[in-house]
Amino acid sequence: MNANGEARTDALWPAIRFTVNGESRSVNVPPMKRLLDVLREDLHLTGTKEGCGEGECGSCSVRMNDELVNSCLVPVLQAEGAEIQTVEGLALDGELHPLQEAFLENGGAQCGICTPGMLMAAAQLLAHSPHPSEAEIREGLAGNLCRCTGFARIFESVAAAAVAAESEPAKEPVMEQTYHAR
Amino acid sequence: MNTHATTRIVGAPVPRKEGVDKLVGRACYVDDMEREGMWYGATVRSTIPRGLIRSIAFDRRIDWSQFTVVTAADIPGENIIQLIIADQPCLADGKVNHCEEPILLLAHPDKHKLREALGGVKIEYDPLPPVFTIEESERQDPIVWGADNLLKSFLLEKGDVDSAWSRAAHIVEGEYRTGAQEHLYIENQGVIAEYSAEDGVTVWGSLQCPYYVFKALRGVFDLPEDKVRVIQTETGGAFGGKEDYPSVLACHAALLAKKSGHPVKMVYDRMEDLAATTKRHPARVRHRTALDKDGKLLAMEIHLDTDGGAYATLSSTVLSRATLHSTGPYLCPSVRVRARSWATNLVPYGAFRGFGAPQAVFAMERHMDEIAAALGLDPVELRRRNFLHQGDTNATEQLMREPMFLDQLLDRALQESDYHAKRSQFARENARNPIKRGMGLAAFYHGSGFTGSGEVYLNSLAGVDVTPQGKVRVLVSNTEFGQGTNTVLTQIAAEALGIEYSDVIMAAPDTDMVPNSGPTVASRTSMVVGRLIERACLQLIALLCERAGLGAPHTREEFLAACARYRAAHGELSSLCRYEAPPGIYWDDQKYHGEAYGAYAWAVYVAQVAVDTVTYSAEVENFWAVQEVGRVLHPVLAAGQIEGGIAQGIGYALYEKVVLADGRMTNNQMTNYIMPTAEDVPPIHVYFEQIPFRHGGYGAKGIGELPHDGPAPAILNAIRDATGVSFTAIPLLPENLYAGLAAHQPVEEPALP
């Protein structure tokens, strides 16, 4: 990686620029390369996981321009100019995000493989519904499959994080707040 | 000896040991790893269910010199995946016995080129007639395995079944079927293998049982113990699916690594994982039951048959557990269980949470409701009249010597679920509502640890040592894959040693570093391995008292100082313990007689369902789970095990169907193999009654598998209550509900003119 944050220079491909977790990044990769692979292989952000490769399991969920997307279904060219947040961008200065704290305390993570995607879905939900009902939590997480927990402790974790965020204003970097209907 | 009246750390909701790593995205799963100069591997698989390989041709448009190609001829040792029976080749050699059977392996530095090359290998076959079902296999024509298609059979007998029928006031028969089920761990199977002449084979992988993989690699490579090393990476779910299959994948990647001279990563994509790896055994269970006029069981005759797939893998032990769970938590003087596992030309079935018990429990507990209906008894009352109690003997004539309280579990389940009131309310409302509601229950048990003398044969070794930095390190080959091994064993060590949770670390699950404490299966980790760690810690304290001046009682600081003194004087400090069977254990492996399990966890589950008679969908609206699993070591993790198991059980009952066509799975995608989502799982109410078990780690019994046993029968019993129709097969999809309800629709009489 050079000083400009360029991960890999390949003269064949034009640069695609976007920000990840608040940092400007530029990649020279085939434009149809999946955002998931760019994050994992080119930017070495392996927190984002692949579960199915067809947008069913949500393990690869990231937030892009204030939308929750399955990064396995996003060709990286669509990320040109986008603001992206991955699980690595949740904790700030070594301090866990309220959602991470809540998942830790309430047993929201078991094997951990769905957890990064689940956290991003939960972050997206709380960004738009700071006080979600149980039905809203269920709907907000319906695109993310967890095979370990039966979801109960994930719902509790999200609810607990919402309460925690109420008592302490969120410290997460503010994303562009344009709401895109899902 | 361990009454554990009060504990500091055991029983407390300490944070999951590796929790922060998982939450910040730092936990390293195998696909997150790279090795210098790493290549990728792929598998060419059989496209037919059974036949002889006539030819293998390589497309000339591909430059094969860029690839490493491995066939059975490249195997340095025996072409067998060592497990129980030596029947499964590592790579097919001349013939194939199921679709997706691995034939040839490819490696290349670019995984995209690899994908293209897979299509460039053309295999021609001379097909042989295949067998796809239990019924086809038991006809024994053709013979596709051994002399008779029979992978394994058991006969369990107690009392005199044959004379019971003439004395019976009631005889009730039924046949019950369960389908295959996919584990659907969210992390697919994957490994990285390296090979060098000096170090031999090293494998990193997503797996449950490092020493199973170790054994398989030794056989395939014909290498001594010190030339094989297996390291578990963070594992994204397993549920039994990573018990036996990783041995196959590890051998494949290691063969490619040896031949290519590069580290090789093989990570299946979802379609390959679904199509090619093991699933839960489908089963057919036939019950014939004799009862007296009061509804007391006189005799049970059970024929339990499973589909084992093309190779034996774990079918014998799955069948064993099915046999031993087939008679339910009931007292019955005469029992005969004939159990058989049949070979078919399907992908071999394997371990899956519950390991045969969910199939057997589904049949028994559905059958109990059919008996209740036949006798005009309330299902609750029928069960209550027949429950086992302390001092009774079960089907293997094992004396129930530990305290057991099935009646209390039942009472609690009825009370928490408001079972009787809801049943009457639904019965009133259903008549005029297109949505029919019902309540159903299941009473069951799950044996903890290996069956019979299994734990003695495993001869597990586990313990702790103290690092130069003064940390106590737990030495086990038992692995973490979400269920909480790391956390619970750390709690036990910290508790026993009188130190803090953060003073204890887990050794890497690496066969070069940890002793063989047995596989991470069979609900054995907390009970059996936990107890070994507890004993090893007490032994360590005794050593420090004797040789390093530690007093009793001691503070944390005194303990750590004694460790430092011992290390300064004597060097390394460790304490290992070997498994010792509780006294008085007797088991006859031939007659299936005696102490089948060291301990049993007991449960009563209640499901509330709603069946929509317009859309024919069935939904679980509420679920209550009351269980006794010995001491609960961690309340949050324990409840998480129960909830997760129940969600999988709901999927087993209502959603998850493996669709096969000509021996191939046709719905091998998450798009059409459907598991419960956040919108489908009902509120699950979990209750533990705690009766510490003397021989388990801090009083624990097994917990992990239990919750998968009960949901399916409870749900189908509830559907019977809701609709009046008895469904006997799972998965019960809307089309099955439609067919069953339509067949029972009262025919409307044409109005007379």
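Residues numbered from 1 in each chain as written. Chains lettered and ligands numbered in written order. Predicted model: local features only at pLDDT ≥ 70, side-chain atom pairs only at ≥ 80, totals over all residues. Heavy atoms only, no water.

(A) Main features of the overall build of chain B. The secondary structure content of chain B amounts to 20 helices and 28 strands. Rg of the C-alpha trace for chain B: 27 Å, near the compact-globule value of 27 Å for 753 residues, within the 12% margin. The principal-axis extents of the C-alpha atoms in chain B amount to approximately 90 × 75 × 50 Å. For chain B, long-range pairs separated by at least 24 residues make up 81% of all intrachain contacts whose partners lie at least 6 apart in sequence. Here chain B holds 71 positive side-chain charges and 93 negative ones, and the gap between their average locations is 1 Å. (Helix = DSSP H or I, 4+ residues; strand = E, 2+ residues; numbered from the N terminus. Rg over C-alpha atoms; globule rule 2.2 N^0.38 Å. Contact = heavy atoms within 4.5 Å. Lys, Arg positive; Asp, Glu negative; His and termini not counted. Charge placed at Lys NZ, Arg CZ, Asp CG, Glu CD.)

(B) Spotlight on the confidence of the model for chain B. When pLDDT is averaged along chain B, the result is 96, and 98% of the positions lie at 70 or above. Complex prediction metrics read pTM 0.96 and ipTM 0.97. (pLDDT = per-residue confidence, 0-100.)

(C) Quick peek at the sheet that holds strand E24 (residues 618–628) of chain B. All names here are of chain B. Read across the sheet, 4 strands follow the order E16-E23-E24-E27 without closing on themselves; strand pairing throughout is mixed. This sheet does not close on itself; its edge strands, each paired only once, are strand E16 (435–448) and strand E27 (684–688). Averaged over all pairs of adjacent strands, the angle between their axes in this sheet comes to 15°, without regard to strand direction. Here E16 runs beside strand E23 (residues 599–612); their pairing, made up of 14 bridges, is antiparallel. Its bridge partner lying in E23, Phe444 is registered against Ala603. (Pairing = 2+ DSSP bridges. Axes fitted to C-alpha atoms, helices over the stretch in contact; angles between N-to-C directions.)

(D) Representation of the domain arrangement of chain B within the structure. Residues and elements named next belong to chain B. Taken domain by domain, chain B consists of domain 1 (19–28 + 454–578), domain 2 (33–128 + 183–276) and domain 3 (283–388 + 400–450 + 598–741). Distance between the C-alpha centres of domain 2 and domain 3: 36 Å. When domain 2 packs against domain 3, the two sides together hide about 2,500 Å² of surface, and 63% of this comes from carbon and sulfur. A per-residue breakdown of the area domain 2 buries against domain 3 is headed by Leu184, Phe239 and Leu274, which together make up 20% of the total. In this assembly, domain 2 and domain 3 are joined by 1 salt bridge. With a closest N to O distance of 3.0 Å, Arg664 and Glu100 form a salt bridge. Across the contact surface, domain 2 and domain 3 share 8 residue pairs in polar contact (both at pLDDT 80 or more). (Domains from an automatic or database assignment. Buried area = accessible area lost by both parts, 1.4 Å probe. Salt bridge = Lys/Arg side-chain N within 4 Å of Asp/Glu carboxyl O. Polar contact = N/O pair within 3.5 Å; in protein donor to acceptor, adjacent residues only side chain to side chain.)

(E) Expanded view of the sheet that holds strand E4 (residues 95–96) of chain B. Spatially, the 3 strands line up as an open sheet ordered E4-E2-E6 (chain B), and their pairing is antiparallel. Taken across any chain shown, the strands that pair with only one partner, and hence form the sheet edges, are E4 and strand E6 (121–127) of chain B.

(F) Broad picture of the domain arrangement of chain A. Residues and elements named next belong to chain A. Under the domain assignment, chain A is made up of domain 1 (12–89) and domain 2 (98–166). On a C-alpha basis, the centres of domain 1 and domain 2 stand 22 Å from each other. Taken together, the contact between domain 1 and domain 2 spans 15 residues of the former and 15 residues of the latter. Looking at the side of domain 1 facing domain 2, the largest losses of area belong to Arg63, Leu68 and Val87, adding up to 40% of the total buried there. At the surface where domain 1 touches domain 2, the tally comes to 0 salt bridges. Counting across the interface, domain 1 meets domain 2 through 6 residue pairs in polar contact (both at pLDDT 80 or more).

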